[in-house]
Structures are given as C-alpha cells and as structure tokens.
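Structural features, examined
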There are 4 protein chains.
Amino acid sequence: MDVGFIGLGHMGTPIALNLLKAGHRVIVYNRTRSKAAALAAQGAQIAEQITDTCRGEVLITMLSDDAAVEDIMFRLGCLSALKPNGIHVSMSTISVALSERLTEAHRDAGQAYVAAPVFGRPDAAAAAKLFIVAGGADTVLTRCRPLFDAIGQKTFVISPQPSDATLVKLTGNFLVASVLESLGEAFALVRKSGIDPHRYLDIMTNSLFSAPVYKTYGSIIADEKYSTDGFKMSLALKDMRLALAAADAKTVPMPTASLIRDHLLEGVAQGEGDNDWSNLARLCARNAGL
Amino acid sequence: MDVGFIGLGHMGTPIALNLLKAGHRVIVYNRTRSKAAALAAQGAQIAEQITDTCRGEVLITMLSDDAAVEDIMFRLGCLSALKPNGIHVSMSTISVALSERLTEAHRDAGQAYVAAPVFGRPDAAAAAKLFIVAGGADTVLTRCRPLFDAIGQKTFVISPQPSDATLVKLTGNFLVASVLESLGEAFALVRKSGIDPHRYLDIMTNSLFSAPVYKTYGSIIADEKYSTDGFKMSLALKDMRLALAAADAKTVPMPTASLIRDHLLEGVAQGEGDNDWSNLARLCARNAGL
Amino acid sequence: MDVGFIGLGHMGTPIALNLLKAGHRVIVYNRTRSKAAALAAQGAQIAEQITDTCRGEVLITMLSDDAAVEDIMFRLGCLSALKPNGIHVSMSTISVALSERLTEAHRDAGQAYVAAPVFGRPDAAAAAKLFIVAGGADTVLTRCRPLFDAIGQKTFVISPQPSDATLVKLTGNFLVASVLESLGEAFALVRKSGIDPHRYLDIMTNSLFSAPVYKTYGSIIADEKYSTDGFKMSLALKDMRLALAAADAKTVPMPTASLIRDHLLEGVAQGEGDNDWSNLARLCARNAGL
Amino acid sequence: MDVGFIGLGHMGTPIALNLLKAGHRVIVYNRTRSKAAALAAQGAQIAEQITDTCRGEVLITMLSDDAAVEDIMFRLGCLSALKPNGIHVSMSTISVALSERLTEAHRDAGQAYVAAPVFGRPDAAAAAKLFIVAGGADTVLTRCRPLFDAIGQKTFVISPQPSDATLVKLTGNFLVASVLESLGEAFALVRKSGIDPHRYLDIMTNSLFSAPVYKTYGSIIADEKYSTDGFKMSLALKDMRLALAAADAKTVPMPTASLIRDHLLEGVAQGEGDNDWSNLARLCARNAGL
C-alpha cells in the first residue's frame, strides 16, 4: 500500500521500518529531518512538504500529543490534502475529545478516520510485537489490516467508534501506571524490610502476577535500572491527564488515577520528566527514605 | 505425617481435605463443631480439646486474624502443648509483629515456627493449586514439604525468617487489591463511555494483563457477579491495615494502600463487610453513579 | 458611574442591586429575561442587546464559567463593543488561562481588564459584605474603587496582573473546600463516636478555628441542613478543576485538591450537582455509613 | 492543691510552672532528671520515686505517647500508688482505646480519671493561654477547675466520658494538620505562580481564614521559617495514626487523614521527624520542585 507516515520518534521509527519491510511504500515526514533521513536508507521516501504524506491511501500519524496532531491535521493542511476515501490512522495517544473531533472532520471531508493506538514499548515495536487496539468502520479496518499485520502481533477491534479505541488506550496506560505505582510501594516496603527484591519479584510473577507488565517493569524496579528510554514521565503525565479528562467528561471519579497523576507531577517537578515512567517506583522509594 | 489442624473456614476445610487425601493423619479442631464433623466423614479425627491438635509433628493454623491466633496459641495453651521439636505452620494472614513474636515464642519453647501463607481462592484450595510462600529454617521447611506438596501447586521459600513470608503475603494482597481498585475505576469509565466491558476485558487480558488475577477478577467485574464467597471485604480491610502497619513500622508511605483501605472501610461501613473484596469495583461503579 | 452588568444569578443579582443603591446607573443583561425584569423594578435599565451593556465606562461580568465568559466577550461581541479606555471587571471565577487571554485581548483593544473575584455567599453579597480580590493596573483599580466600595466590605489588591487575582480566588476556594472535606471527615467520626456535634463545633470554633469559614459551614454540617442555595457542587467541581489546571500548568502537585475533586465528582455523579458544596460533608457521612 | 506532675517536655514544663505560680504544691518527676531540677528552682518538689507523685489529690501526666502512659501507670505502679478518690488528669494525646482503659482501671481502683488534652503550642502554654478540652464526671472536673484555670485561657467540658475529650483532641489535631497540608499546597502554587506569599497570606487571614491556626502557621509557611520547636512531625504522625485508629474502630473513612499520615511518614522517612509539623508545607513545596 501507499502509506504516508508522520512522527518518527521512539515508536514511530520502528513502526515505519516494519511497514517498509513488509513491502509497503512509505513516504515519511518528521519535523527533525535527520530522523527521516535514517529511514530513507531503508527505502522510505522523504516528503518535501508535510502534505506529501497525504497522497497515498493511508496516512499514519504517531505523534506525542493533541497539539501536534491538531497542528498537522488542521493548521498544516493534512486533513484537506488527504484524498477522498483516504484513511487517517492515528496511532498517537490523544484525548477522547480530539478523537471524536477527527472522526467528524474526516467524515465531513469524505475520508475515514481510524484510531489505532498501540500497547508495547520500543523493543516490541521493533519486533513487530505491538498490540493494536483499533476503532473504526469495519470496511475501513479491513483495508488497514495489512498495515496492522506488519507492525503488531495482534489487532483488537473495539468498536466502529474510533474514540472507543482512544479510551481503551488511555485506561490501559492508567492500568499500567497503577501497576508501577503499586509495585513501587510494595518494593519500597520489601526493601526496607530486608527482603531480597529479586526473590520477591520471582514469587509474584510466578504466581498471581504472571503478566508481561509485571515481568517487564518488575525487573526494572528490582534491578533499580530505571533509566531506560521507554516512555517518558512527561508523556505518562499527559496520558493520566487525558484519562482524567475523559473520566471527568463522563462524571467518573478515578482516585487512583488522581494519585498517580500527582506522583507523576511530583516527578516532573523534580526534573525527571524525560525519564522512563518506571521512575514512579523510584519516587516511592525516595519518599520512603531509600 | 501426624498433623493437627485448627481453623476450618472457606480455605481451611479444602486444605485439610487435601492433606487427608494425600494420606496424612489429620486431627482437626474448629470452634463451630459441625464443620469438624464434615471433615470426620472424610477420615479426619476430631479433637476433644483444642490442645489435642498439638500431639503430632506439625500443627497447622488457618485462622482469620491475629486475635484468633494469639488466643489459641497463648491463652488456650497450644504453644505449651506442642511437643519439643514440633512445628507450628501458620497459614493465616497475620501481622508481621505477631509473626515475629511467634517465631521467638516457639524458639524459646524448643519448637519451630513456619509462616506459610497462601495465594489462591477457595476453588484453588480445593484443587490443591494454591501458591505457598514459606518462611522458616531450611531443615524445618524440608520436614513440611510433603504437606505443602499435598495442598499447593508450588511452594516459594522466601527466607529463613518466617515474618518475611508474612510480609510477602500482605504486600501480595495489597497488589491484588490495587488491581481490583484500578480495574474498578477503569471499568466504571468504560461502562459510562458505552464500551462493552467484556470486549474491554478480552483486550486487556490478551495483551499486557494476561495474569490470573486480571482474568479471575476481571470476569467478576465485567459480569457484575460480585457475590462470590471468595474473600470477605472485612478480611481484606484487615489485611490492608496489617500492610499499612508493617509499612508504618518501617516508615514507608504507601498511599495506594491507604486509598484502598479507605475504600474498603467505606464498603464495610455501608454493610458490605461479608461480601467478596471484588466489591471494591462495585463501589467504584456506585461512586460514579452507575 | 455608568455600569453594564451581565450575569444575574445568586451572586450577580444582589451585587447589581447594591450598585444601584449606591447611586450608580446600571444597565443589566441576563439570558433569562425575567431576572433582569426584577432588577428593573429597582431602577436598573434593561439592555435590549447584550452589547448595550458595553456603552458605559465599566462592564461587569458575573458568570458561571469560562464558556459563558468567552461566549459573551468573543462571540457575542462585548469585547469589540466596549469603548476605548473602557474597563471589563470580571467577577466570575474563571481559569487562569482565560484571565490571561482576556488581559491581552482588552489591552490589544485599548481597553482595560480587571479580575475582581469575590469571597462570600449570597447573603454576604446582599449585605455588601463581600471580600473582593482585585488584580489590575493601579490607575484602573482606582477608577473601579467606587464600585468595589458599593458591594464589598474590603478590597484586596493582589498585583497589577489580573490573573493573579484569579489564582488567589481559585486557591481560596480550594482552601474552603478543604475545610468542608476535613470537617466532614471529623464530624463523621464525632457522630459515630456518640459525641454531640454542636458541642464539638462550639469547642472548635471558640479555640483554634474561630474563622467565618468554620463557623458558617460548621453550623450547616452540625445541623445537617445542607440544602442551602449557596454554591453548587457542580460549580465547586469546576473550580477544583481550574485550580488543578493552574497547578498542572506550574507543575505543582496538589493531592488534597485531587481528593476533593474526586469527592465532588462522586457527589455530582450521584445527582447532587445542584446542591450546596457543603454536601461534601454529607458525602463523608454517607461513606461512613451514617 | 497537692499535685503530682509527670512529663516535663516542651509542654509539660511551662504547664507545671504555671501551676506553681498559681500557688499549687507540685511534686514533679521526669525520666531526664535535669529537667526536674530546673523546676525545683521555681519551687517544685522533686520526686525520689516516680510513685511519690501520686501522694496528692491529683496526678497530672503529660507524656508523648500510649507506651509512656501505660508504662508509668501500669508497670511502674502509679495506678496503684494513687490514693482512693485521687484524680488522674491525663493531658497527653493518647489513643481513644487507652483513654477508655484508663477510665475503667481508675474506676476499678476507686479513683477518677479525667482526660484533659490541650490545644496550643509551647508559647501558649507559657502564657497560660492553652485551650483545655476536658472529659470526666462533673464533680471531678469541678475539683480540677483551679488547676485548669492556672494553665489555660478556657476549659471546654465535652462530656462525662473521658475518651470523648481524647477524640476531640485527635480530630482537632487532624483539622490543624489538614490546614497545614492545604496551605502547603496552596502556597506552593502561589509561589510558583510568582505571587507574593505574604500578600497572599494577608488576604486570606483578613477575609475567610481569620483564625489563629491560619495566622500562626501561615506566617511560618510564608516566611519559610519552619524550624521552630513546636510540635514534632513524629508526634503529629503518631496523632494521625491514633485518629485513623479511632476512625477505623468506628468504621469511618478519613481519606484526608490518610493523605496527611502518608505525607508525615514521607517527612519522617526523609529525616525530618524532629522538625515542627509545619514542615508538611515544606514537603509540599519540595514535591513541587521548589
């Protein structure tokens, strides 16, 4: 397929690469041109203008926040440049409100909008092992299927409503963050009690908590090797903000999300915004005097 | 082996039954005699006096709280009735402080103390699929091994310090409770957003959250079938209290544990103390106006 | 002075009335015309068009939220209708961001913007006993002084930056809400302990807590007469949201504000949005099973 | 009157001094003898044995926690040394449970127990300006009146049940702590917003928050002079623990108390246990990156 791709960050780059590997023709754009150049070596075409990415059948965006997506689609003209019947696949984690607005805007323009956020860290993206949560019309999702197959291990269709996929992603990130926070608190106590954290982790992940999220982050916490380049605290903070905004719009109290938001804010205020969100656990340790 | 067993509740009964099935000679005691009678039909001997349970090599206690354990061991004479070199295997979830006190008391009496709390619900106990976390001297744990093999799918040895096993159990229950709370908040939002909760659960448990704890409790929450006879809110409240007490003793703030404690207290205050702790999620739903 | 006045709610009506009593010429506008009619009987002129309120020296707005203020100023033309050198005195509790935007917009239009939110309930407004927190240029505030004197018992000038007054008001409402929440929790315990709540209140307000906020709200809570028409829970929720947004913008964690926000959300979700925010204390009581 | 006095700390010393000044005969005891010596210079008699303090009509204890009170009354013999009809006036902030136990123990011994905790910092104690909250039988309180008059500006009788006074004190300290926490959060935002904290305090304490607690602590926070020797964080932590224990016993969730408890724990874990509890506000500032 002819695919435009905007947003070559930690996640976007390996995703675009896997599209190329699967034989798709990909035209890429990134604000920082050097990142696009790296992909060109792998066969990607580089867009001269950002709207050049909109000439194919599908435009994929993988950007950091609402502002970036709004800027590109509305101000820089990608919405109007996308051809009739073209599909915008938004993989960014954005607000439910913007997802709804994009659904409407693309519909009005005779185009289709798909929200397809992903679960997985950069290494999962590189291995084409992402989990994709897709929301959009069935016929449109069928057209996107070859792309999803190239980048993920599994695609879950949530509903024809794109913003449902956005909400699933936001609550999923909330659930991951709550694992980080609760593990952080538990490990702080375990450590101060003189118990071997690796032995502790071993027990937990081989009994009730045998899920990837506990294994991956549990290891980081037990090893105290927090400085991976996975997912920035500042972006996690943004996602908690969006989850809380979605919850507020539906009048749903989420006290655990509030607690985590406040801890992320504490981390960012103390200069850790660019560190991996597993640093939530380090914050727990520090607050315990460790 | 000759085993005494005190405490025939939801968990104790199937555990004692599995000991019998494995060929151990079990003498049981329960405050409510009818429960002991049911086990007698399966080959258990019924203790006339509570201290009759202390005549064998091992005494197992599976009681609901510190008060019950203290009462039986110190006031009703089980500590002094246990023979030299006898082993007290405490499977109850008790305080770290009492676990330390029992370690010392049994040592002073020339006996051995093992803390061996379990993870798993009554159905796992019936199926001999419990996870056992054991703390105690190696030689003593070796003697207990045939018993553990009869009742659990796996035994994790944490350290020679019995109270370490107690702490692992308490933090483990905290981690489960935090899963209940965070799932409860997420499902409330998912429901009020009009998303199918079963579809949502399916996505979560087939991607990052593929652990038993998410599958078991996620189903209860998605089905809204909270009234199982698993683990009472009032007992979960007790465990959060004990986790927080252990954390306080080590000067470790655990804000998520505090939040959950307060929600359990809210549930108990509203008359749900005897319901399964998955009702935490129902509380989240109710607080969201569902 | 010639004053335009938009927003004749619980607070706006008595304020406008006091301006009339002090001899100012007031032209009023309200979406619901009948409210304006009531003031006409007291000497107010009724605006035909909303922009008729902008013909005098000062336009006062007392509206419920950002959306209302934005609508009136930007979409319905009041910004452009205000004459050069005219002053817009915004008494509404709005976001810091909108306060900054209005400051700039009025400056660009050769006008002046003053943020002058007030502390006090409708009865204080009626008695001209409000506390006014004013932010704006000194010369501009001097021109507004006769108006402030007509409606309040005291005017505090915070700084030449209008949004500073907005922030003071938002944090002030946060402090009041935290009094409501903590009193609610304390009274729930006092009640369940069998202590006379009035005796309790008497002790507290005659020792360390001898401030109006404790006396006013303490009485409501001790009497359990929550259904006053003071300040709606839904508006309090809005203000906590704005305080948290301001704090987020400055990277300041405010966990108590988060907790209160979640409790207000709980109240609104349970159908109490239109009740006075003192119902926070009733929520505490209910969560304690009272 | 003949009065025994045990506990010559920051609060006990000025209180005992005021009793002497008012003409009472005071026999003092303190674990650290040098503190007693200082009072001897002012006319106090020094007890040889701790039980010598029990020879008069009234024994006053002003100790730091339950353990100290239990030790002195039960283990060191003060309960049995107090003469029939003697009164034990406990000014310490202790648990509701211990207050109830002492009530019973003294009743069984034919003595009387009065709980008379105080509000006020060391300077208020020195100036005989304490607020006393007294619980006990009317006739007994009448006998104590001359003592109360010598040390406080006002005595509030809560009920004949001594533990009611204990609970009032605990919830009072909770209310003060919640003022510290909420002021801490508000000032962190005010500071990061570039607003003058003294100007801010001035507005708040001259409008809705004109109570001593806001003035005293607000000044400390605005001045950032946290290192006063008022009330240790570690003792405040103890009091939140006791308030939460009392609330737990009555099944009352107090989420704000939990939040504050966790923050105090954080402060103590970070080495601030001996600092004044106003450091809660410094913690808020630090968590905001100030």
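Bear in mind that the values here come from a model prediction, so they are computed numbers and not experimental data.

What counts, and where the lines are drawn
- For every chain, the first residue of the written sequence is number 1, and numbering continues from 1 onward in sequence order.
- Ligands are numbered from 1 and chains lettered from A, in the order in which they are written.
- Local features in a predicted model are, by the rule used here, given only for residues with pLDDT of at least 70; side-chain atom pairs are given and counted only at 80 or more, and totals for whole chains, interfaces and linings are based on all residues.
- Note that the side-chain values use all heavy atoms of the structure and ignore hydrogens as well as water.
- Alignment of copies: least-squares fit on C-alpha atoms of residues with pLDDT of at least 70 in both copies.
- Contacts: residue pairs with any heavy atoms within 4.5 Å of one another.
- Only protein chains enter the area calculation, which uses a 1.4 Å probe; residues under 20% of their type maximum are buried, those over 50% are exposed, and those in between are partly exposed.
- Put simply, DSSP marks the helices as runs of H or I at least four residues long and the strands as runs of E at least two long, and each gets a number from the N terminus on.
- Note: the arc covers the axis-to-C-beta directions of the helix.
- Each aromatic pair joins two rings of Phe, Tyr and Trp (for Trp, the six-membered one) with centres within 6.5 Å, and gets the label stacked for planes under 30 degrees apart, edge-to-face for over 60, and tilted for any other angle.
- Think of it as a cone above the ring: NZ of Lys or CZ of Arg counts as a charge over the ring if it is within 6 Å of the ring centre and within 35 degrees of the ring normal.
- Polar contact criterion, stated in full: a pair of N or O atoms within 3.5 Å, where within protein one must be able to donate a hydrogen and the other to accept it, and residues adjacent in sequence count only if both atoms are side-chain atoms.
- Throughout, the accessible surface (probe 1.4 Å) given up by two parts as they are put together, summed over both, is called the buried area.
- Salt-bridge detection follows one rule: a side-chain nitrogen of Lys or Arg within 4 Å of a carboxyl oxygen of Asp or Glu.
- Here an axis means a line fitted to C-alpha atoms, over the contact stretch when the element is a helix, while the angle between two N-to-C directions is reported on a 0 to 180 degree scale.
- Reported orientations rely on four angle classes, namely roughly parallel under 35 degrees, roughly antiparallel over 145, roughly perpendicular from 65 to 115, and oblique for the rest.
- With the far helix as reference, a near helix turned anticlockwise by less than a right angle produces a left-handed crossing, and one turned clockwise produces a right-handed crossing.
- As a working rule, the residues Ala, Val, Leu, Ile, Met, Phe, Trp, Tyr, Cys and Pro are called nonpolar, Asp, Glu, Lys and Arg charged, and the rest polar, with Gly in that last group.
- Strand pairing follows a simple DSSP-based rule, namely that at least 2 bridges must link the two strands.
- Orient the strands so they point away from the viewer, and a crossover whose first-strand-to-second-strand path over the helix runs clockwise is right-handed.

A look at the relation of the copies chain B and chain D
- Mapping chain B onto chain D calls for a screw motion: a turn of 180° about the axis and a shift of 0.0 Å along it, with 0.0 Å RMSD after fitting. Interpreted geometrically, this transformation is the action of a two-fold axis. Of every C-alpha in chain B, the one belonging to serine 258 of chain B sits nearest the axis of rotation, 3.0 Å from it.
- A share of 100% of interface residues in chain B that are also interface residues in chain D marks the association as one of identical surfaces.

Looking at helix α3 (residues 66-75) of chain B
Residue and element names in this part refer to chain B.
- Those residues of α3 not exposed but buried are Asp66, Val69, Ile72 and Met73. Across the axial projection of α3, the buried residues extend over an arc of 145°, all falling on one side.
- Elements in contact with the buried residues of α3: β1 (2-6), β4 (58-61), α4 (78-81), β5 (87-90), α5 (96-108) and α11 (233-249).
- Looking at the residues trailing α3, positive phi occurs at glycine 77, about 90°.

Quick look at the relation of the copies chain A and chain B
- Here chain A sits on chain B after a turn of 180° about the axis and a move of 0.0 Å along it, with an RMSD of 0.0 Å.
- Looking at chain A, 100% of its interface residues are interface residues in chain B too, so the copies touch through the same face.

Things to note about the packing of aromatic side chains
- Applying the stated criterion across every chain yields a total of 22 aromatic pairs over all chains.
- On the basis of an interplanar angle of 90° and a centroid distance of 5.4 Å, the ring pair of phenylalanine 187 of chain A and tyrosine 200 of chain A is categorised as edge-to-face. With phenylalanine 187 of chain A in helix α8 (residues 162-192) and tyrosine 200 of chain A in helix α9 (residues 197-205), this residue pair connects regions lying 13 residues apart in the sequence.
- Its relative accessible area of 1% is what places phenylalanine 187 of chain A among the buried residues.
- For the pair tyrosine 217 of chain D and tryptophan 277 of chain D, a centre-to-centre distance of 6.1 Å together with 85° between the ring planes defines the contact as edge-to-face. With tyrosine 217 of chain D in helix α10 (residues 212-223) and tryptophan 277 of chain D in the loop between α12 (255-269) and α13 (279-287), this pair connects stretches of sequence that are 60 residues apart. When sorted by exposure, tyrosine 217 of chain D lands in the same class as tryptophan 277 of chain D, which is buried.
- Taken together, the ring pairs in this structure connect Phe209 and Tyr214 of chain A together with Phe209 and Tyr214 of chain B into an aromatic cluster.
- In this structure, arginine 101 of chain B is placed above the aromatic ring of phenylalanine 74 of chain B, and the distance from its NZ or CZ to the ring centre is 4.1 Å.

Focus: the side chain of asparagine 287 of chain C
- One can find asparagine 287 of chain C in helix α13 (residues 279-287).
- Side-chain polar atoms of asparagine 287 of chain C contact the side chain of glutamate 266 of chain C, separated by 3.2 Å.

Section: the interface of chain B and chain D
- Counting residues at the interface gives 15 residues for chain B, matched by 15 residues for chain D.
- Together chain B and chain D conceal approximately 1200 Å² of surface at their shared face, both sides included; 56% is due to carbon and sulfur atoms.
- Considering only the surface of chain B that becomes buried against chain D, Asp248, Thr251 and Leu265 of chain B emerge as the three largest contributors, covering 39% of it.
- Applying the counting criterion to the chain B and chain D interface returns two salt bridges.
- Ionic pairing is found between arginine 241 of chain B and aspartate 248 of chain D, a salt bridge with its closest N-O pair at 2.7 Å.
- Taken together, the connections running from chain B to chain D amount to six residue pairs in polar contact (both at pLDDT 80 or more).
- Contributions of two or more residues to the side of chain B that touches chain D are made by α11 and α12 (255-269) of chain B.

Section: the interface of chain A and chain B
- On the side of chain B, 57 residues touch chain A, which itself brings 57 residues to the contact.
- For the pair chain A and chain B, the summed buried surface comes to about 5000 Å²; carbon and sulfur atoms form 74% of the total.
- Counting the surface chain A buries against chain B, the share from its top three residues, Leu175, Leu189 and Leu208 of chain A, is 13%.
- The interface formed by chain A and chain B includes zero salt bridges.
- Counting across the interface, chain A meets chain B through 13 residue pairs in polar contact (both at pLDDT 80 or more).

Structural notes on the side chain of glutamine 111 of chain D
Residue and element names in this part refer to chain D.
- Looking at where glutamine 111 falls in the secondary structure, it is placed in the loop between α5 (96-108) and β6 (112-115).
- Classification of glutamine 111 as buried rests on a relative accessible area of 9%.
- A distance of 2.9 Å separates a polar atom in the side chain of glutamine 111 from the backbone oxygen of leucine 79.
- One polar contact links the side chain of glutamine 111 to the main-chain carbonyl oxygen of leucine 82, over a distance of 2.8 Å.
- Apart from residues no more than four positions distant in its own chain, glutamine 111 is found in contact with Leu79, Leu82, Lys83, Asn85, Gly86 and His106.

Details of the packing of helix α1 (residues 12-21) of chain D against helix α7 (residues 138-151) of chain D
Residues and elements named next belong to chain D.
- At a minimum axis distance of 8 Å, the contact between α1 and α7 shows a crossing angle of 115°. Viewed along their axes, α1 and α7 adopt a mutual orientation that is roughly perpendicular. Note that α1 runs across α7; the crossing there is right-handed. Contact residues: α1 offers Ile15, Asn18 and Leu19, while α7 offers Leu147, Ala150 and Ile151.
- Taken together, the residues of the contact of α1 with α7 sort by class into five nonpolar, one polar and no charged.

Here we look at the environment of serine 34 of chain C
- By the secondary structure assignment, serine 34 of chain C is in helix α2 (residues 33-40).
- Among the residues examined, serine 34 of chain C registers a relative accessible area of 51% and is labelled exposed.

Section: the pattern of salt bridges
- Within this structure, the stated rule accounts for 56 salt bridges over all chains.
- One salt bridge in this structure joins glutamate 70 of chain B and arginine 101 of chain B, with 2.6 Å as the shortest N-O distance. One end of the pair, glutamate 70 of chain B, is in helix α3; the other, arginine 101 of chain B, is in helix α5, with 31 residues separating them in the sequence.
- A salt bridge links arginine 282 of chain D to glutamate 272 of chain D; the nearest nitrogen and oxygen atoms lie 2.7 Å apart. Of the two residues, arginine 282 of chain D sits in helix α13 while glutamate 272 of chain D sits in the loop between α12 and α13, which places them 10 residues apart along the sequence.
- Residue classification places glutamate 272 of chain D among the buried positions, given a relative accessible area of 5%.
- Because the salt bridges share partners, they merge into one network encompassing Glu272, Arg282 and Arg286 of chain A.

Some remarks on unusual backbone geometry
- With a phi angle near 55°, glutamate 224 of chain A is a residue other than glycine that sits in the positive phi range.
- Take glutamate 224 of chain A: it is sitting in the loop between α10 (212-223) and α11 (233-249).

Considerations on the pairing of strand β1 (residues 2-6) of chain C
Residues and elements named next belong to chain C.
- The element β1 is largely enclosed, with a buried count of four among its five residues.
- Looking at chain direction, β1 and strand β2 (residues 25-29) are connected through five bridges and run parallel. Note that in β2 the partner of phenylalanine 5 across the bridge is valine 28.
- Each parallel crossover has a hand, and the one from β1 via helix α1 (residues 12-21) to β2 is right-handed.
- Two elements, β1 and strand β4 (residues 58-61), share four bridges in a ladder whose sense is parallel. Following the sheet pairing, valine 3 is matched in β4 by valine 58.

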